[in-house]
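# Coordinates in review
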Amino acid sequence: MESSTPPRDTAGAMSEENVKTVRNAAEAFNRGDLDTWAGYVAEDIDYQAVEGAPDDHGPIHGKDAVRAYVQDWQDTFDDFVSEPVELIDAGDDNVVAVIRISGRAKLSGVEADLTYAALYTIRDRKIVRGREYWTREEALEAAGLTA
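In this text, all values refer to a predicted model and were calculated from it rather than measured experimentally. (Residues numbered from 1 in each chain as written. Predicted model: local features only at pLDDT ≥ 70, side-chain atom pairs only at ≥ 80, totals over all residues. Heavy atoms only, no water.)

## A short note on the overall build of the protein chain
In terms of regular secondary structure, the protein chain is built from four helices and six strands. The order of helices and strands in the protein chain, counted from the N terminus, is α-α-β-β-α-β-β-β-β-α. Across its three principal axes, the protein chain shows a C-alpha extent of roughly 70 × 35 × 25 Å. In the protein chain, which comprises 147 residues, the share counted as buried stands at 41%. Pairs at least 24 residues apart make up 47% of the contacts formed inside the protein chain by residues separated by at least 6 positions. Separation of charge centres in the protein chain, based on 15 positive and 30 negative side chains, amounts to 5 Å. (Helix = DSSP H or I, 4+ residues; strand = E, 2+ residues; numbered from the N terminus. Buried < 20%, exposed > 50% of the residue type's maximum accessible area, 1.4 Å probe, protein only. Contact = heavy atoms within 4.5 Å. Lys, Arg positive; Asp, Glu negative; His and termini not counted. Charge placed at Lys NZ, Arg CZ, Asp CG, Glu CD.)

## Some thoughts on the packing of aromatic side chains
According to the stated counting rule, one finds five aromatic pairs in the structure shown. Their ring planes at 45° and their centres at 5.8 Å tell us that Tyr47 and Tyr69 sit as a pair that is tilted. Here the residue Tyr47 occupies a position in strand S1 (residues 41-48), and Tyr69 occupies one in helix H3 (residues 63-76), the gap between them amounting to 22 residues. Site record: aromatic cluster; members linked through ring pairs are Phe29, Trp73, Phe77 and Phe80. (Phe/Tyr/Trp six-rings, centres within 6.5 Å; stacked < 30°, edge-to-face > 60°.)

## Examining the layout of surface pockets
By volume, the largest pocket amounts to about 680 Å³. For the largest pocket, the lining is made up of 35 residues, of which Tyr47, Tyr69, Trp73, Tyr116 and Glu132 are closest to its centre. Those elements giving two or more residues to the lining of the largest pocket turn out to be helix H1 (10-30), S1, H3, strand S3 (77-89), strand S4 (94-105), strand S5 (111-123) and strand S6 (126-133). Sort the elements by how many residues they give to the lining of the largest pocket and H3 lands first, with six residues. Residues of the lining of the largest pocket, tallied by class, amount to 28 nonpolar, three polar and four charged. (1 Å grid on protein atoms, 1.4 Å probe; cavity = no way out; pocket = protein on both sides within 12 Å on 5 of 7 lines; lining within 4 Å. Points joined across faces, edges and corners; volume = space filled by probe spheres on them. Nonpolar A, V, L, I, M, F, W, Y, C, P; charged D, E, K, R; others polar.)

## Overview of the sheet that holds S6
Pairing is mixed in the open sheet, where six strands are placed in the order S2-S1-S6-S5-S4-S3. Each edge of the open sheet carries a strand with a single partner, namely strand S2 (60-61) and S3. The sheet contact formed by S4 and S5 spans eleven bridges and is antiparallel. The residue bridging Arg100 from the neighbouring strand is Thr115, located in S5. (Pairing = 2+ DSSP bridges.)

## A look at H3
A rise of 1.5 Å per residue sets the reference length of H3, with its 14 residues, at 20 Å; its end C-alpha atoms lie 20 Å apart and thus fit the reference within 8%. If you check which residues of H3 are buried, you get Lys63, Val66, Tyr69, Val70 and Gln74. For H3, the buried positions fall inside an angular range of 140° around the axis, keeping them on one side. (Expected span 1.5 Å × (residues − 1). Arc of directions from axis to C-beta.)

Structure, rendered in C-alpha cells:
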C-alpha cells in the first residue's frame, strides 16, 4: 500500500533548527544567561573574531575559551546588548547572523554601537564553528553565497 504523505523535507527542517539554535543562543546571551548560552556551544568549538579587530586574539578553541571571550564583552560594557538583526540559512549546516552590539564601556563611558556578521556552523544543535566578519557580504561570501 502506497502512502499519500509526501516525503518530509528534512534539509529544510534541519535548516530551520540551525537558525533556531543561533536565535536561542543569542536570546540566552542577551539575558546574561551564559550557562544556557553555553548549552548551544560544542565542547570543541572553533571560533575566530573579526581578523584585525581589537578583540582578535587569533583562533579560539573550546567552549571554555569561547565563554571567556564572550564574558569579557559582558564585563567590559554596561547595558551590553548583542542582538541578531538578521539570521540567514546559508545551507550546509551554516547560518549567517547579522548582529548589532551596543553598550557603554565601563571604564571610559564611551557608547558603542556596531553591526557585524558571523558565519556559524551547526551540528547536532550545537555551534561547532564561528567566524566573525565586518560585513554581511563577507559572511555570505565565506558561506559560498553571493550577497
